[in-house]
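# What the coordinates show
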Amino acid sequence: MKRGIVMIIKISAFIMSVVTVLINLFGTVACSENQRFGDISLSQEINSLCSIDREEFSCERDGLTIRGTVFLPEGKTDCPIAVISHGFMANQLFSQIHAQNLAKMGYAAFCFDFCGGTLVGSSEGSSTDMSAITETEDLKAVIAYAKAQDFTDPEELILLGCSQGGFVSALTAAELRQEVDALILLYPALCIPDDARSGQMMFAKFDPQNVPETFWCGPMKLGRRYVTDVVEMDPYEIIGGYTGQVLIIHGNQDNIVDLSYSQRAVEVYNQAGAQAELRIIDGGGHMFFKPTHAYTALGYIREYVDQL
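Predicted, not measured: the structure shown is a model, and the values here were computed from it. (Residues numbered from 1 in each chain as written. Predicted model: local features only at pLDDT ≥ 70, side-chain atom pairs only at ≥ 80, totals over all residues. Heavy atoms only, no water.)

### A few points about the environment of Gln178
Checked against the element boundaries, Gln178 lands in the loop between α5 (164-176) and β8 (182-186). For Gln178, a relative accessible area of 72% gives the class exposed. Taking the C-alpha atoms as reference points, Gln178 and Thr243, 65 residues apart in sequence, are found 8.5 Å from one another. (Helix = DSSP H or I, 4+ residues; strand = E, 2+ residues; numbered from the N terminus. Buried < 20%, exposed > 50% of the residue type's maximum accessible area, 1.4 Å probe, protein only.)

Here's what the structure looks like:
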C-alpha cells in the first residue's frame, strides 16, 4: 500500500513537471515580454515569431504513420534541415521551442512524435513496441522525408535531441555519419543501457536476466524490447563513429541522467576526431524546467549554430 502511494506521488510529480515545463516555455513568453533570460530578449522572440511558417507533415516507418510539424522561415527555399527529437514520454510540443529557435535562424526545423514514444501523441504505434532502436528508425524516416521536400537543402542537416531523443540522435548520427553536419544533444540519456543492465529504469524495476513481456514505467506501459534492445549495448563505442561537430548541454543538478555521461561522451567524441564541446548549466536539472535554464540553453544553441 505504501509503495503504491509513493508511486502515485512520483507519477503526479512527473505529470505536474510536464505541465510546468509547458507553461514555463510557452506561457512565460506571452506574459513577460520585456524580461530577459540569458542573452535572449523575449520581446525579440515574440516579434520574430510572425516570420515563421508552420505546417503539419506525416511520413511512414514500417507501415506506421509518423506525424509532426515543420517550422521554417516564411517564403524561404533551400533551407538547411534540423530534425528535433523529444524525450521519453514527452512529445513534439517539447521540441517546438527548439524548432522555432532554429527556424528563426533560417532552418526548416522538423519535430515529430515518436511511434509509441509518447504518453499523448499523434503518431501511430504502441509503447510496448518502442525502444531506442525503433526510435532511430523513426528518426531516419523523418530525415529522409525532410530531405525530399522542395523547400529544403538535403546536403545540410543538423540533429537535435533531448534526453532519450538525444541518445537516439547520437546513435543515428553515428550510423548516418557524413550526412549529419552537426549534432546538438541536451541532457542525452546515454545512461539507458546502464539502467537496463541494473534493472531499474526511472520508475520501473525488473530482473534484467528475466525481463517481463510488458511492464509499467510510471504511467507508461513498456515492452520487453525496450530493455533487450539496449542491454548489451556500449553506447560510447557506437557514438564514437560520428566525427562531426557536437554540442552537448547538460545541467549539473540532473538527477535522471548524471552529468558524467555527457562528460564521457565529449571525451569519446574528441578522441574519435570529432569537434565536441560541453556547456554545463549551473543548477540545471533534467529537461531544464526553469525558464532561466531553458533560455540559456537556447542561447547556447544559437551561438553554436551561428558558427557552423
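### A few points about the packing of aromatic side chains
Overall, the coordinates contain 8 aromatic pairs when judged by the stated rule. Between Phe57 and Tyr145, the ring centres sit 5.1 Å apart and the planes meet at 15°, which makes this aromatic pair stacked. Placement of Phe57 in strand β3 (residues 52-61) and of Tyr145 in helix α4 (residues 132-147) is noted, with a sequence separation of 88 residues between them. In this structure Tyr145 comes out as partly exposed when scored by relative accessible area, which is 24%. Pairing Phe110 with Tyr145 gives two aromatic rings, centres 6.4 Å apart and planes at 85°, and the pair type is edge-to-face. Taken together, the positions of Phe110 in strand β6 (residues 108-112) and Tyr145 in helix α4 put the pair 35 residues apart, joining distant regions of the chain. (Phe/Tyr/Trp six-rings, centres within 6.5 Å; stacked < 30°, edge-to-face > 60°.)

### A closer look at the pattern of salt bridges
Opposite charge on two side chains lets them pair, provided their charged atoms get close. Following the criterion strictly, the structure yields 9 salt bridges and no others. A salt bridge links Arg197 to Asp194; the shortest N-O distance between them is 2.8 Å. Of the two residues, Arg197 and Asp194 both sit in helix α6 (residues 192-198), 3 residues apart, roughly one turn of that helix. One salt bridge connects Arg225 with Asp229, and the closest N-O pair in it is separated by 2.8 Å. Given the relative accessible area of 25%, Asp229 is considered partly exposed. (Salt bridge = Lys/Arg side-chain N within 4 Å of Asp/Glu carboxyl O.)

### Quick look at the sheet that holds β6
Spatial ordering of the open sheet is given by β3-β4-β6-β5-β7-β8-β13-β14, a layout of 8 strands whose pairing is mixed. The outermost strands of the open sheet, each flanked by one partner alone, are β3 and β14 (275-281). Within this sheet the neighbouring strands show an average axis-to-axis angle of 20°, counted without direction. Sheet contacts for helix α3 (residues 93-103): β3, β4 (64-73), β5 (79-85), β6, β7 (152-162) and β8; angle to β4, the most-contacted strand, approximately 40°. Most of the contacts of α4 go to β3, to which it runs at about 125°, and overall it touches β3, β4, β5, β6 and β7. (Pairing = 2+ DSSP bridges. Axes fitted to C-alpha atoms, helices over the stretch in contact; angles between N-to-C directions. Contact = heavy atoms within 4.5 Å.)

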